[in-house]
Amino acid sequence: HLEGDRAFEAVFVTPPAPVNAGLGPLFNNASCAGCHIRDGRGMPVKGQMLVRVSLPLGYSKPHQEQETIFESHPEASVTLGNAPPVPGIGTQIQDQAIYGHQPEAEVEISWQTSSGQYADGTTYELRSPVAQITLANGNPLPSEVLTSLRIPTPVFGRGLLEAIADETILALADPEDSNKDGISGRPNMVWDTTAQKVVLGRFGHKANIPNLLQQAASAYVNDMGVTNPLFPEKDGSGDIDDRTLKTATFYTQTLAVPARTMVEDPTVKRGEKLFQQANCAACHVAELRTANHAIPALAHQKIHPYSDLLLHDMGPELADRRPDFMATGTEWRTPPLWGLGLTQTVLPYSGYLHDGRARTLAEAILWHGGEAAQARENFKKMPQSDRDALVRFLNSL
């Protein structure tokens, strides 16, 4: 675990170098910890905000350019399904480069605001990001390219999520809403590059990653330009070896979840009841159990992630309109809520939701739409004291 922690903190530099060589030539950050500061949630700022990109399914280009598409995709062993890579970019814009190279694009974020009010007349303001993306040649990113802004998620507790049996997650799915509660969670089925087959996805904002080894390998090659055993150079070589990749993975597998606080607080207890009454728990499932895992400490545990790890339609306001395997442009994985109360302690001004648009937990709730629209309306109708109690409960997790 400690060796993995050192790998997670390691800052990569340009080759050749005796230690941590391999940065770039294109990248977003120089270390795992550079995005996941203190293992926590990120902010919507340069170096942490990522832009995932792809072409619309069926979009055709000349044969020669089609070949360029796959040459520019660092995860070439992953079958992408409905998210073809963009020529010259791949599936993620790398907005930094080492000396002698140009970043793929410059990403500038501006914010547009909207206002509303609760049932009791209290007003609120929401914001959403608008990305202006300029390619290295000075041209804007072509309009046909689909984009999705993403901020880093916390890295603790992931091994426990990995240890949940597929059957447990699939049993929570209700794609046809057979119980008529308005909630229709669906699994994402994604490509496992090690197993060379389609399996259940459970990590990433759209559950587009099957396991933590592939997530670590993907982050190394996309975020830092560091090739590795899963995603090597064309000749099969890599910037890091198998041990480094696996120890960094082990670190995220074994990083413990922060303990809950204020468990006996009367307001917290009332907020938990309100959370249930508003039907938030239909997606944010409080209790799950892990199954077998190669790391014994993760196996057969009762855990409280407050997630079903399924995809849910969150409505047009949160839509990125970019599909990802089985996930549509309006669907997102239910993010685990454990550790939520320490977010601002770990990194002040961290953002909530996939792109960091929400500055507070109340704002995050107010952005919920689609399947969660009724839960949002239930929250908006609550008096101030109940809204505060529900947020206090969330801050106890």
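Right above here is the structure, for reference.
Note that the structure is a prediction, hence the values are computed from the model and not measured.

### Some thoughts on helix H6 (residues 212-223)
- Over its 12 residues, H6 runs 15 Å from end to end, which matches the ideal 16 Å to within 8%, given 1.5 Å per residue.
- Where burial is concerned, most of H6 is hidden: 10 out of the 12 residues are buried.
- Among all positions in H6, only Leu-212, Gln-214, Gln-215, Ala-216, Ala-217, Ser-218, Tyr-220, Val-221, Asn-222 and Asp-223 are buried.
- Of the residues flanking the start of H6, the one acting as N-cap is Asn-211, its side-chain oxygen 3.3 Å from the backbone nitrogen of Leu-213.

### Focus: helix H7 (residues 242-253)
- For H7, spanning 12 residues, the distance from its first C-alpha to its last is 16 Å, which sits close to the expected 16 Å at 1.5 Å a residue.
- For H7, the secondary structure elements touched by its buried residues are helix H1 (2-9), helix H4 (158-162) and H6.

### Description of the pairing of strand S4 (residues 105-117)
- The pairing of S4 with strand S5 (residues 123-135) spans 13 bridges and is classified as antiparallel. The residue bridging Ser-115 from the neighbouring strand is Glu-125, located in S5.
- Between S4 and S5, which follow one another and run antiparallel, lie five residues, and Gly-121 among them has a positive phi close to 95 degrees.

### Comments concerning the packing of aromatic side chains
- What the rule picks out here adds up to seven aromatic pairs.
- Arranged with centres 6.0 Å apart and planes meeting at 85 degrees, the rings of Phe-12 and Tyr-220 form a pair that is edge-to-face. Here Tyr-220 lies in helix H6 and Phe-12 lies in the loop between H1 and strand S1 (26-27), a separation of 208 residues in the sequence. Of the two residues examined, Phe-12 and Tyr-220, each falls in the buried class.
- Here Phe-275 and Phe-393 contribute two aromatic rings whose centre-to-centre distance is 5.2 Å and whose plane-to-plane angle is 55 degrees, an arrangement assigned as tilted. Taken together, the positions of Phe-275 in helix H8 (residues 266-277) and Phe-393 in helix H12 (residues 384-394) put the pair 118 residues apart, joining distant regions of the chain. Both residues of the pair, Phe-275 and Phe-393, count as buried.
- Ring-pair connections join several aromatic residues into one group, and the members of that group are Tyr-118, Tyr-124 and Phe-379.
- Lying across the ring of Trp-111, Arg-127 places its NZ or CZ 3.7 Å from the centre.
- A cation over a ring is seen here: Lys-206 above Trp-332, with NZ or CZ 4.1 Å from the ring centre.

### Here's the deal with a nonpolar patch on the surface
- Together, Met-189, Val-198 and Met-326 make up an exposed nonpolar region whose accessible area comes to about 250 Å².
- With respect to the helices and strands, the residue Val-198 is situated in strand S8 (residues 197-201).

### Regarding the packing of H1 against H7
- Axis separation between H1 and H7 bottoms out at 7 Å; the angle between their running directions is 105 degrees. One element, H1, and the other, H7, form an angle in the roughly perpendicular class. Each of Glu-3, Gly-4, Asp-5, Ala-7 and Phe-8 in H1 lies in contact with H7, whose residues at this interface are Arg-243, Thr-244, Thr-247, Ala-248, Tyr-251 and Thr-252.
- Its residues assigned to classes, the contact of H1 with H7 shows four nonpolar, four polar and three charged.

### Describing the environment of Glu-287
- Structurally, Glu-287 can be placed in the loop between H8 and strand S9 (288-289).
- In sequence terms Glu-287 and Ser-307 are 20 residues apart; their C-alpha atoms lie 8.4 Å from each other.
- Those residues within four positions of Glu-287 in sequence are excluded, and the remaining contacts are Lys-302, Ile-303 and His-304.
- A polar atom in the side chain of Glu-287 sits 3.3 Å from the side chain of His-304.

Calculation notes
- Residues numbered from 1 in each chain as written.
- Predicted model: local features only at pLDDT ≥ 70, side-chain atom pairs only at ≥ 80, totals over all residues.
- Heavy atoms only, no water.
- Helix = DSSP H or I, 4+ residues; strand = E, 2+ residues; numbered from the N terminus.
- Expected span 1.5 Å × (residues − 1).
- Buried < 20%, exposed > 50% of the residue type's maximum accessible area, 1.4 Å probe, protein only.
- Polar contact = N/O pair within 3.5 Å; in protein donor to acceptor, adjacent residues only side chain to side chain.
- Contact = heavy atoms within 4.5 Å.
- Pairing = 2+ DSSP bridges.
- Phe/Tyr/Trp six-rings, centres within 6.5 Å; stacked < 30°, edge-to-face > 60°.
- Lys NZ or Arg CZ within 6 Å of the ring centre and 35° of its normal.
- Patch = residues over 30% accessible without salt bridge, like charges linked within 9 Å, V, L, I, M, F, W, Y side chains within 5 Å.
- Areas by Shrake-Rupley, 256 points an atom, 1.4 Å probe, with all protein chains shown as cover.
- Salt bridge = Lys/Arg side-chain N within 4 Å of Asp/Glu carboxyl O.
- Axes fitted to C-alpha atoms, helices over the stretch in contact; angles between N-to-C directions.
- Parallel < 35°, antiparallel > 145°, perpendicular 65-115°, else oblique.
- Nonpolar A, V, L, I, M, F, W, Y, C, P; charged D, E, K, R; others polar.

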